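A structural walkthrough
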Amino acid sequence: MRVENCVFCEIISGTSPANFYHKDEQFVVFENNLHWYKVQLLLVPKNHMSQHKMWSSSGLIEELCMFANDIGKRECPDGYRIFSNFGDHGMQSQSHAHLQILGGARLGLYVNGRPPSNVSENMQQ
Ligand SMILES: [Zn+2]
């Protein structure tokens, strides 16, 4: 299923460009065009769905996670991060479900390099 004005649906259908790393029947993997890290890949189901739907689809999420882990081990031998953003507080920028793989550099602790100060205080207790 393709959704109007969805960048990931446009990439999957070929109407928007991307550098693909992998394509199969269920999902595609392409480079994130932000290029903040040496390895910054997006694993995206071909069918438009929400993050919650993808994370609740037992066969699909299992395949995506296993594939992401294989990519991480192969492309980032010194370590990597696999994650999804959910909603406004999670800084989700695309409605189309996806996993992200970051690596090729020391990523720091959490997204901004350190947890919020109140969490840091709780960790010291
Ligand atoms: Zn979509």
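Above this text sits the structure in question.
Described below are features of the structure shown in this document.

**Points about the pattern of salt bridges**
The tally for this structure, following the rule as stated, stands at two salt bridges. Residues R74 and E75 are paired through a salt bridge, measuring 3.8 Å at the closest nitrogen-oxygen approach. E75 gets classed as partly exposed once you look at its relative accessible area, which sits at 34%.

**Observations concerning the nonpolar core**
Counting residues in each nonpolar core, the largest one holds 17 residues, and the members touching the most others are V29, L43, M54, L64 and I101. Looking at this core, the elements with two or more residues in it are β2 (27-31), β3 (39-45), α3 (58-75) and β5 (99-103). Sorting elements by how many residues they give to this core places α3 first, with six residues. Among all residues touching M54, those that are not within four sequence positions of it are P45, M49, L60, I61, L64, S84, A97, H98 and L99.

**Details of the sheet that holds strand β4 (residues 80-83)**
Ordered by their spatial adjacency, five strands build an open sheet running β1-β2-β3-β5-β4, and the pairing between neighbours is antiparallel. Sheet topology places β1 (20-23) and β4 at the edges, where each strand pairs with a single neighbour. Each strand axis lies, on average, 15° off the axis of its neighbour in the sheet, ignoring direction. Note that β1 and β2 share three bridges and pair antiparallel. In the sheet register, H22 faces β2, and the bridge partner there is V29.

**Description of the coordination of the zinc ion**
Each donor-metal-donor angle in an ideal tetrahedron of four donors is 109.5 degrees, and each such angle in an ideal octahedron of six donors is either 90 or 180 degrees. Only C6 (SG), C9 (SG), H48 (ND1) and H96 (ND1) from the protein coordinate the zinc ion, and they sit 2.0 to 2.3 Å from it. The coordination sphere of the zinc ion comprises four donor atoms, whose angles at the metal cover 105 to 113°; the geometry is tetrahedral. Exposure remark for C6: the relative accessible area of 4% places this residue in the buried category.

Criteria and thresholds
- Residue positions are counted from 1 within each chain, in the order its sequence is given.
- Given that the model is predicted, a residue must reach a pLDDT of at least 70 before its local features are reported, and side-chain atom pairs must reach 80 or more before they are shown or counted; all residues, however, enter totals for whole chains, interfaces and linings.
- Hydrogens and water are ignored here; the side-chain numbers use all heavy atoms of the structure.
- Salt-bridge detection follows one rule: a side-chain nitrogen of Lys or Arg within 4 Å of a carboxyl oxygen of Asp or Glu.
- Here the term buried applies to any residue with accessible area under 20% of the maximum for its type, exposed to any over 50%, and partly exposed to those in between, with areas from a 1.4 Å probe on protein chains only.
- Side-chain atoms within 4.5 Å are what join buried Ala, Val, Leu, Ile, Met, Phe, Trp, Tyr and Cys residues into a set we call a nonpolar core.
- Helix and strand assignments follow DSSP, with helices taken as H or I runs no shorter than four residues and strands as E runs no shorter than two, numbered in order from the N terminus.
- By definition in these notes, contact holds between two residues if any of their heavy atoms fall within 4.5 Å.
- By the convention used here, strands pair only if DSSP detects at least 2 bridges between them.
- Axes here mean lines fitted to C-alpha atoms, for a helix over just the part in contact, with angles spanning 0 to 180 degrees between N-to-C directions.
- For Na, K and Ca the donor cutoff is 3.2 Å, while for all other metals N, O and S atoms count as donors only within 2.8 Å; water does not appear among the atoms, so some sites may look incomplete.
- By the criteria applied here, four donors are tetrahedral when all angles lie between 85 and 135 degrees, four are square planar and six octahedral when opposite donors are over 155 degrees apart and every other angle lies between 65 and 115, and any other arrangement is irregular.

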